[in-house]
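# Coordinates in review
Listed here are the chains, written in short residue letters.
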Amino acid sequence: MNSTAHQLYRSTRNRMIAGVCAGIGDYANVDPTLIRLAAAALLFVSGGTAIVAYLVMALIIPEEPAVSQ
């Protein structure tokens, strides 16, 4: 059985701010735009607490490694 570990990375190709939403979208195999819309809705619902969560994720989640060609 060939099992490859799927790692969560911040995107370097499809980023808007820090690549967190695009990285989560890549990890979950979901369009990053949907993740961004959910994050924006969460920002308003949480009263700004989501900003802190986003910044923490931007610091903790590593950037995706460069692809060598």
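One can find the structure itself at the top, above this paragraph.
Residues numbered from 1 in each chain as written. Predicted model: local features only at pLDDT ≥ 70, side-chain atom pairs only at ≥ 80, totals over all residues. Heavy atoms only, no water.

## Focus: helix 1 (residues 20-28)
Those residues of helix 1 that sit buried are Val20, Cys21, Ala22, Gly23 and Gly25. In this structure, the buried residues of helix 1 make contact with helix 2 (32-46) and helix 3 (49-60). Just downstream of helix 1, asparagine 29 is the residue with a positive phi angle, here 60 degrees. (Buried < 20%, exposed > 50% of the residue type's maximum accessible area, 1.4 Å probe, protein only. Helix = DSSP H or I, 4+ residues; strand = E, 2+ residues; numbered from the N terminus. Contact = heavy atoms within 4.5 Å.)

## Focus: the environment of leucine 43
Structurally, leucine 43 can be placed in helix 2. Its relative accessible area of 29% is what places leucine 43 among the partly exposed residues. Residues in contact with leucine 43, not counting those within four places in the same chain, are Gly48, Ala50 and Ile51.

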